[in-house]
Amino acid sequence: MSLPLTADFSKGSDANIGPYIVSLTNTSKDAIKVSVKIHLSVSFHANTKDRNISDHVIGPGQVWTINDLAAADTLTVTADGFAPLELTVP
């Protein structure tokens with residue numbers, strides 16, 4: 001079953017929150033607890049290439065934004081009982 005989320009990418013207007021932002025909207029009538037793994041397209045040698053955000057609840061009809069994304073970063077959004085949602089920052 002597909003995750004009941006829509007994704008909308010936008011460019012950040014503030015350099016402190018990153019060049020790209022994704023807004024995930026819960027289109028279901030139930031709250032969903034999601035985790036996101038971000039595979040960074042650009043990283044420094046001393047840093048990990050992945051960023052993990054675990055156990056965030058998005059209420060019905062609510063929007064959750066994730067900032068500090070770069071072009072070509074890939075995101076995997078997962079929730080129990082749903083197929084993973086794969087996204088790539090444009």
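Because the structure is a prediction, the values reported are computed rather than measured.

**So, the pattern of salt bridges**
Tallying each qualifying case throughout the model produces two salt bridges. Taking the shortest distance from any N to any O, the salt bridge between Lys-37 and Asp-50 comes out at 3.9 Å. Highlighted residues: Lys-37 in strand 3 (residues 32-39) and Asp-50 in strand 4 (residues 50-58), separated in sequence by 13 residues. Among the ionic pairs, Arg-51 bridges to Asp-68, the shortest N-O distance being 4.0 Å. Within this pair, whereas Arg-51 is found in strand 4, its partner Asp-68 is found in strand 5 (residues 63-69), the two being separated by 17 residues in sequence.

**Focus: unusual backbone geometry**
Phi at Asp-55 is positive, roughly 50 degrees, even though this residue is not glycine. Along the chain, the position of Asp-55 falls in strand 4. The residue Asp-68 is not glycine, and still its phi comes out positive at about 65 degrees.

**Concerning the environment of Val-22**
Topologically, Val-22 is positioned in strand 2 (residues 20-26). Placed 42 residues apart in sequence, Val-22 and Trp-64 show a C-alpha to C-alpha distance of 8.3 Å. With near-sequence residues (within four places) excluded, Val-22 lies in contact with Ala-7, Asp-8, Phe-9, Trp-64, Thr-65, Ile-66, Leu-69 and Leu-75.

**Notes on the nonpolar core**
For soluble globular proteins, the rule of thumb is that nonpolar side chains tend to be buried together. Grouped together as the largest cluster of nonpolar side chains are 19 residues, with contacts concentrated most on Leu-24, Val-34, Ile-66, Leu-69, Leu-75 and Val-77. At the level of elements, strand 2, strand 3, strand 5 and strand 6 (74-78) are the ones that each hand at least two residues to this core. Sorting elements by how many residues they give to this core places strand 3 first, with four residues. Among residues more than four places away in sequence, those in contact with Val-34 are Leu-3, Leu-5, Ser-54, Asp-55, His-56, Ile-58, Trp-64, Val-77, Thr-78 and Ala-79.

**Some words on the pairing of strand 2**
Burial of strand 2 is extensive: six of the seven residues sit out of reach of the surface. Here strand 1 (residues 5-11) runs beside strand 2; their pairing, made up of seven bridges, is antiparallel. When the bridges of strand 2 are listed, Thr-6 appears paired with Thr-25. Of the strand pairs in this sheet, strand 2 and strand 5 are connected by five bridges, and their pairing is antiparallel. Opposite Leu-24, over in strand 5, you have Trp-64 as the bridge partner.

**Some points on the sheet that holds strand 6**
Overall, antiparallel pairing links the four strands, which are arranged 4-3-6-7 in an open sheet. Every interior strand has two partners, whereas the edge strands, strand 4 and strand 7 (85-88), have only one. Sheet twist, expressed as the mean angle between neighbouring strand axes with direction ignored, is 20 degrees. Bridging between strand 3 and strand 4 involves seven bridges; their strand directions are antiparallel. Within strand 4, the position partnered with Val-36 by the bridge is Ile-53.

Rules used throughout
Residues numbered from 1 in each chain as written. Predicted model: local features only at pLDDT ≥ 70, side-chain atom pairs only at ≥ 80, totals over all residues. Heavy atoms only, no water. Salt bridge = Lys/Arg side-chain N within 4 Å of Asp/Glu carboxyl O. Helix = DSSP H or I, 4+ residues; strand = E, 2+ residues; numbered from the N terminus. Contact = heavy atoms within 4.5 Å. Core = buried A, V, L, I, M, F, W, Y, C linked by side-chain atoms within 4.5 Å. Buried < 20%, exposed > 50% of the residue type's maximum accessible area, 1.4 Å probe, protein only. Pairing = 2+ DSSP bridges. Axes fitted to C-alpha atoms, helices over the stretch in contact; angles between N-to-C directions.

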